[in-house]
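Residue-level structure breakdown
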Amino acid sequence: MNIPINMPVLGREEMREVGRVLRGGALTNASMEGGPNVREFEEAARRFLGSSYAVAVNSGTAAIQAALHALGISKGDEVLVPSFTFVATANAVVAAGARPVFVDIDKRYTMDPEDLEKKISRRSKAVIPVHLYGNVARVKEICRVADERGLMVIEDAAQSMGSTYRKKQSGTFGDMGCFSLYPAKVVTAGEGGLVVTDSKDLYDELRLVRNHGMMRGYDSRTFGLNLRMPEINAAIAKVQMRRLPSFLDRRRTNASMLSGLLRGMNVTIPEQRDHEEVNWYLYTVSTEKQSELKEALNAAGFGASVYYPIPVHRIPFYAAMKGSCKKLPVTEQAAGRVLSLPVHPGVRHNHLKKMGTIVGKIV
C-alpha cells in the first residue's frame with residue numbers, strides 16, 4: 001500500500017481538454033489577455049472565489065512575485081511574513097529586492113497579529129499572511145493592523161483554495177490573494193498559480209507584470225517577467241475548478257472521520273474555529289512523538305510528512321541574512337511537533353481506520 005500525503009485527481013475530462021490544445025497547436029499565448037483556456041480558467045476561478053478579477057500565472061511563487069511587483073515593492077522595503085511556511089513566500093520577497101521580516105504564529109500555525117504589530121517598522125510596506133494547511137489566518141485582525149499602519153495585504157492562499165471564513169473565500173480579504181496549482185494542491189494545473197483582486201488598477205498591473213510589461217507587441221510599459229500560464233496547464237485547471245466542490249466534500253468527510261478516530265488520544269487534532277470552513281489540504285496533528293509516529297505511518301505505506309521541519313528563519317540562507325530574526329518560540333515549537341496525515345480524495349475509509357490504529361499504538 002502506498003498512500004501519498006497528497007496527489008492530483010485527474011480524469012478523462014482533463015485529458016480530453018489537453019488533447020484539444022495539442023491538436024490545436026497553440027500551446028501558449030503571449031497577448032496581455034492570455035489564451036482562451038487561460039481566460040476560461042480565470043473566469044471560473046473568479047466566480048468561485050467571488051473576486052472581481054483573476055490573473056493566471058505559471059506557479060504559486062510567481063503569483064506572489066507578481067503581486068509584489070504590482071505594488072512596486074523593491075529594494076529597501078520590508079515585507080512581513082511568517083517563518084512557518086514553505087520557503088517560496090520569503091523567496092518571492094527577496095526576488096522583488098525587498099527584505100522579509102519574520103513574524104511568529106498562533107496555535108493554529110498562522111500569523112500572530114500581535115507579533116505582527118511588534119515587527120512593523122518605517123520600512124514596512126506589505127504583509128503576507130499564509131493560510132497554512134488550509135487554515136484561514138486571523139485575516140480580519142491582520143487587515144485591521146495593516147490598515148492602521150498603512151500596509152498592503154497579500155494573502156498567501158497557496159494551500160487554502162476553498163477555505164472560507166464567515167462564508168468569504170480565503171484570498172479575498174486583502175488587496176490580493178495568491179493561489180498555487182501545484183500537483184499536490186487541492187486543485188492542480190500541473191504547475192500554475194493565480195492572483196485575485198478587487199482592484200482594477202492592480203488587475204491591469206498584474207497582467208502587465210506577467211507578460212514582460214507588454215500591452216501590445218514589444219511595447220513594455222513597466223517591468224515584467226514571463227509569468228504566463230501555458231494553455232495546456234489552463235486546460236487542466238479549468239476542468240479542476242468544475243470538480244473542486246466534490247474534491248472539497250471528500251476531504252471534509254475524510255477529515256471528519258479521522259478526527260472521530262483520533263479524538264481522545266494523546267495527540268492534538270486540528271479544529272476549525274467558529275465561522276470557518278477549512279479545505280483540509282493538510283490534516284495536521286501535534287504530538288511529542290512526531291518522529292516515532294511518522295516512522296510508523298511511513299512503514300505502513302502512509303505518506304505522513306512534516307510541514308515544515310525547519311522554519312524559514314532557520315534555513316541557512318535566511319539564518320545568515322543580516323538582521324535576520326533569531327527567535328520565534330511558537331514557530332520553533334510547532335516545527336518539532338507537527339505531522340500531516342493524508343485525507344485527500346484518494347484516501348478510503350479503511351485507510352483512515354488503519355491510520356487511527358497506528359496513531360493509537362504510538363501516542
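So, a few notes on the structure that sits alongside this text. (Residues numbered from 1 in each chain as written. Predicted model: local features only at pLDDT ≥ 70, side-chain atom pairs only at ≥ 80, totals over all residues. Heavy atoms only, no water.)

1. Quick word on unusual backbone geometry
- The omega torsion across Tyr307 and Tyr308 is 15 degrees, close enough to zero to call that bond cis.
- Secondary-structure assignment places Tyr308 in the loop between helix H9 (290-299) and helix H10 (316-319).
- Even without being a glycine, Tyr109 presents a positive backbone phi close to 75 degrees.
- Position of Tyr109 among the secondary structure elements: in the loop between strand S3 (99-103) and helix H5 (113-119).
- Under the relative-accessibility criterion, Tyr109 is labelled buried at 13%.
- The phi angle at His212 is positive, at roughly 60 degrees, despite the residue not being glycine.
- Tracing the backbone through its elements, the reader meets His212 in the loop between helix H7 (200-209) and helix H8 (231-262). (Helix = DSSP H or I, 4+ residues; strand = E, 2+ residues; numbered from the N terminus. Buried < 20%, exposed > 50% of the residue type's maximum accessible area, 1.4 Å probe, protein only.)

2. Examining the environment of Glu205
- Along the chain, the position of Glu205 falls in helix H7.
- Residue classification places Glu205 among the partly exposed positions, given a relative accessible area of 23%.
- A C-alpha to C-alpha distance of 10.0 Å links Glu205 and Gly72, two positions 133 residues apart in sequence.
- Apart from residues lying up to four places away in sequence, Glu205 is in contact with Ala70 and Thr222. (Contact = heavy atoms within 4.5 Å.)

3. Observations concerning the pairing of S3
- Along S3, 4 of the 5 residues are buried, which leaves the element largely enclosed by surrounding structure.
- Bridge count for strand S2 (residues 78-82) against S3 is 5 bridges, and the pairing is parallel. If you follow Val79 over to S3, its bridge partner there is Pro100.
- Traced from S2 through helix H4 (residues 88-95) to S3, the parallel crossover comes out right-handed. (Pairing = 2+ DSSP bridges. Right-handed = clockwise from strand over helix to strand, strands pointing away.)

4. Quick word on the nonpolar core
- Phe41, Phe84, Tyr283, Leu297 and Leu341 are the most contacted members of the largest nonpolar core, which has 61 residues in total.
- In this view, Leu297 contacts Phe302, Ala304, Leu339, Leu341, Met355 and Ile358; residues no more than four positions away in its chain are not counted.
- Among the nonpolar cores identified, the runner-up in size contains 34 residues, and Leu68, Val81, Ala92 and Cys325 belong to it. (Core = buried A, V, L, I, M, F, W, Y, C linked by side-chain atoms within 4.5 Å.)

5. Some remarks on the sheet that holds strand S6 (residues 164-165)
- Ordered by their spatial adjacency, 3 strands build an open sheet running S7-S6-S10, and the pairing between neighbours is antiparallel. What marks the edges here is a single partner per strand, and that holds for strand S7 (168-169) and strand S10 (276-277).
- Strand direction decides the pairing type here: S6 and S7, joined by 2 bridges, are antiparallel. Residue pairing for S7: Thr164 is matched across the bridge by Gln169.

6. What to know about helix H12 (residues 349-362)
- Here H12 is 14 residues long and its end C-alpha atoms lie 20 Å apart, about the 20 Å a rise of 1.5 Å per residue gives.
- Lining the buried residues of H12 we find H8, H9 and strand S12 (338-341). (Expected span 1.5 Å × (residues − 1).)

7. Comments concerning the pattern of salt bridges
- Scanning the entire structure with this criterion turns up 21 salt bridges.
- For Asp219, the salt bridge goes to Arg221, with nearest N and O atoms at 2.9 Å.
- The exposed category is assigned to Arg221, whose relative accessible area is 52%.
- What you see here is one network of salt bridges that share partners, running through Glu17, Arg20, Glu40 and Lys238. (Salt bridge = Lys/Arg side-chain N within 4 Å of Asp/Glu carboxyl O.)

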